[in-house]
Amino acid sequence: MKHTSLQRVKQAIIAGFWASLASISVGFLFKLWLAQWVAKADLALYHTVIDIISLSLILMTGFRSSMVVTYSQTKQDVDITNIFRYSLIAMVLLTWGLVLPYIKHKLQLNVEYFQLVGIILSMGLKVYFTNQIAMYRLYTISNRVTWLEPLAQVTSFFLCFYALKQTAIASLFYSMTLSSLIVALYMYLKRRKDIATPPLSAVHFDTGLRSFMKKSLTASMEAGASILMIYITVLLTIAYFSIDELGDFQVVVRPMITYLTLLFVFPIYRFVLPEVAVCVREKRFDEVQQIKSWLTKVSLWISGIFFVVMVFASKPLVAWLFPEQYIKAAPVLMHFSMFFIFMMLNGYQLAYIKAHGYFTQSLLIRLAGIAVLVGTFYAYRLYTENVVAVILALGTGYLMMYLISKIIERKIKLMT
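- As recorded by an unreviewed UniProt entry, the protein carries the name Membrane protein involved in the export of O-antigen and teichoic acid and is attributed to Shewanella vaxholmensis.
- If you open the UniProt record of the protein and go to Subcellular location (unreviewed entry), you find "Cell membrane".

1. As for the overall build of the protein
Then, in step 1: Looking only at helices and strands, the protein features 13 helices and 0 strands.
Then, in step 2: In sequence order, the protein lays out its α and β elements as α-α-α-α-α-α-α-α-α-α-α-α-α.
Then, in step 3: Against the compact-globule benchmark of 22 Å for 416 residues, the protein has a radius of gyration of 21 Å, which places it among compact chains.
Then, in step 4: With the C-alpha coordinates of the protein rotated into their principal frame, the extents come out at 55 × 45 × 40 Å.

2. Quick look at helix α12 (residues 359-381)
Every α-helix carries 3.6 residues per turn, so stepping three or four residues along brings you back to the same face.
Then, in step 1: With 23 residues, α12 ought to run about 33 Å at 1.5 Å a step, and its terminal C-alpha atoms sit 34 Å apart, in line with that.
Then, in step 2: Among the residues making up α12, those that are buried are Phe359, Ser362, Leu363, Ile365, Arg366, Gly369, Ile370, Val372, Leu373, Thr376 and Phe377.

3. A closer look at the nonpolar core
Then, in step 1: Counting residues in each nonpolar core, the largest one holds 140 residues, and the members touching the most others are Ile53, Val272, Phe340 and Ile391.
Then, in step 2: If one sorts the elements of this core by residue count, helix α8 (residues 243-281) sits on top with 20 residues.
Then, in step 3: With sequence-adjacent residues up to four places away left out, Ile53 is seen in contact with Ile103, Leu116, Ile119, Ile120 and Met123.

4. Focus on the environment of Leu94
Then, in step 1: Within the secondary structure layout, Leu94 lies in helix α3 (residues 77-106).
Then, in step 2: Classification of Leu94 as partly exposed rests on a relative accessible area of 44%.
Then, in step 3: As a C-alpha pair, Leu94 and Tyr136 span 42 residues in sequence and 28 Å in three-dimensional space.

5. What to know about the layout of surface pockets
Then, in step 1: By volume, the largest pocket amounts to about 470 Å³.
Then, in step 2: Contributing to the lining of the largest pocket are 21 residues, with Ile24, Met256, Tyr259, Leu260 and Leu263 lying nearest its centre.
Then, in step 3: Of all elements in the fold, only α1 (5-37), α8 and α9 (285-321) reach the threshold of two or more residues within the lining of the largest pocket.
Then, in step 4: A total of 8 residues in the lining of the largest pocket trace back to one element, the largest contributor, which is α9.
Then, in step 5: For the lining of the largest pocket, the class distribution of residues is 19 nonpolar, 2 polar and no charged.

6. What to know about the packing of aromatic side chains
Then, in step 1: One pass over the structure, following the stated rule, counts 26 aromatic pairs.
Then, in step 2: Relative to Phe157, the ring of Trp33 lies with its centre 6.0 Å away and its plane at 85 degrees, an arrangement referred to as edge-to-face. A residue pair is termed long-range when its members are at least 10 positions apart, and Trp33 in helix α1 and Phe157 in helix α5 (residues 139-163) qualify at 124 residues.
Then, in step 3: According to the relative accessible area criterion, Trp33 is partly exposed, its value standing at 30%.
Then, in step 4: Pairing Tyr46 with Phe173 gives two aromatic rings, centres 5.3 Å apart and planes at 70 degrees, and the pair type is edge-to-face. Pair noted here: Tyr46 is in helix α2 (residues 40-74) and Phe173 is in helix α6 (residues 168-194), with a separation of 127 residues, a long-range link.
Then, in step 5: By relative accessible area, Tyr46 is classed as buried at 6%.
Then, in step 6: An aromatic cluster is present here, built from Phe30, Trp33, Trp37, Phe157, Phe158, Phe161 and Tyr162 joined pairwise through their rings.

7. Observations regarding the packing of α8 against helix α10 (residues 329-337)
Packed helix pairs are specified by the crossing angle of their axes together with the interaxial distance, meaning the distance between the axes.
Then, in step 1: For the pair α8 and α10, the least separation of the axes is 10 Å and the interaxial angle reads 25 degrees. When the interaxial angle is binned, α8 and α10 end up roughly parallel. Like other packed secondary-structure pairs, α8 and α10 cross with a definite hand, here right-handed. Note on element contacts: α10 touches α8 through Ala329, Val332, Leu333 and Phe336, opposite Asp248, Val252, Val253, Met256, Ile257 and Leu260.
Then, in step 2: Tallied by class, residues from the contact of α8 with α10 come to 9 nonpolar, no polar and 1 charged.

8. Focus: the packing of α9 against helix α11 (residues 340-355)
Then, in step 1: Their axes nearest at 8 Å, the elements α9 and α11 cross at an angle of 165 degrees. The angle between α9 and α11 falls in the class roughly antiparallel. Two packed elements cross with a definite hand, and for α9 against α11 that hand is right-handed. Here α9 contributes Val288, Ile291, Lys292, Leu295, Thr296, Ser299, Leu300, Ile302, Ser303 and Phe306 to the contact with α11, which in turn contributes Phe340, Ile341, Met344, Leu345, Tyr348 and Tyr352.
Then, in step 2: Residue classes in the contact of α9 with α11 are distributed as 12 nonpolar, 3 polar and 1 charged.

9. A few points about a nonpolar patch on the surface
Then, in step 1: Judged by side-chain polarity, Leu125, Leu159, Leu164, Leu178, Leu181 and Ile182 come together as a nonpolar surface patch covering roughly 490 Å² of accessible area.
Then, in step 2: Among the elements that line the nonpolar patch, the one with the most residues is α6, at 3 residues.
Then, in step 3: Within the secondary structure, Leu125 is located in helix α4 (residues 113-135).
Then, in step 4: On the basis of relative accessible area, Leu125 is assigned to the partly exposed category, the value being 40%.

Each value, and the rule that gives it
- Residues numbered from 1 in each chain as written.
- Predicted model: local features only at pLDDT ≥ 70, side-chain atom pairs only at ≥ 80, totals over all residues.
- Heavy atoms only, no water.
- UniProt positions renumbered as here; feature names shortened; annotations may be inferred.
- Helix = DSSP H or I, 4+ residues; strand = E, 2+ residues; numbered from the N terminus.
- Rg over C-alpha atoms; globule rule 2.2 N^0.38 Å.
- Expected span 1.5 Å × (residues − 1).
- Buried < 20%, exposed > 50% of the residue type's maximum accessible area, 1.4 Å probe, protein only.
- Core = buried A, V, L, I, M, F, W, Y, C linked by side-chain atoms within 4.5 Å.
- Contact = heavy atoms within 4.5 Å.
- 1 Å grid on protein atoms, 1.4 Å probe; cavity = no way out; pocket = protein on both sides within 12 Å on 5 of 7 lines; lining within 4 Å.
- Points joined across faces, edges and corners; volume = space filled by probe spheres on them.
- Nonpolar A, V, L, I, M, F, W, Y, C, P; charged D, E, K, R; others polar.
- Phe/Tyr/Trp six-rings, centres within 6.5 Å; stacked < 30°, edge-to-face > 60°.
- Axes fitted to C-alpha atoms, helices over the stretch in contact; angles between N-to-C directions.
- Parallel < 35°, antiparallel > 145°, perpendicular 65-115°, else oblique.
- Left-handed = near helix turned anticlockwise from the far one by under 90°.
- Patch = residues over 30% accessible without salt bridge, like charges linked within 9 Å, V, L, I, M, F, W, Y side chains within 5 Å.
- Areas by Shrake-Rupley, 256 points an atom, 1.4 Å probe, with all protein chains shown as cover.
- Salt bridge = Lys/Arg side-chain N within 4 Å of Asp/Glu carboxyl O.

Structure below.
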């Protein structure tokens, strides 16, 4: 029996939810355990370094959406894959040559050179295979990787810390490298069973591939802008607040934002865009509307429950899950819950916009969100010196993105 796009989206998102829940359970319990005995400053250092490296390599995940849309239209996987390969190699070398010295010498963070190189190379491989399985719409492999990655990192940490007698901070960096390599190898072996590896060759540019390259560069900048929003909150916290408040954000708040995004927002990006792109190409706009209606209901329920829980139980939850020194993170989480609905709804709207080929507009929406984030932070600082100003500014940025994308979505509907 042939499934509709809505049915495929539901199946993929529900499966992705359970995979993400398993991933979150493993990763969150691991972080809770680390918070009990690893120095707060060490954990803040580790998360900050990973953030900086991720910011550069996350640009390559921006290729994912353009790869999905272009492959669904042209089926030219050889040229698409080779363009991505050459671009990824260039980005890895650029990260190695620029970001690594920035971490070591400009920020003067005490991290070994070998650890940084290992993270850069292993994360680059992981991004390569992640984008490939997304392009081929291999949803099952994608969902398995979601829970396999944190499990691999926990196992690698135990190996480094207990068997190899490394320090806790060194074990964290080495485990990140090992887990990324394990996940990359898994994706390669599983994908090879279904689809042969496209050969490495010269790229023959035509009109379609030039359009793909333009969309990829735009989508890469958009991905960078997406991560930059969170990274800016870290920089603002570093610049205007204490190391203790930075620890609250890095150990409690940012992981919570990450987990909620993995659980409820990333499945929208991963599974809705491919199906909406196919529907748009085949002019099945009624199915697009069905997908939107279902996602809107789900978003309202999830964000509503999250808000109520944070209003009435944020302090008890933080006190139960974390040591006493992290209790000041509770009001920050409560304020973030007010804006989570806009992250979910904006996920669909950006997928809808890109499915129609409007990648530039999607980038402009992200840049507007960053501008509003920075501007409103300094506005909020006029009224409060509390760290909650950072999260309020972040939420306002997402609100502005939602409003702008809503306007663009309506204009696209009028044109189609």
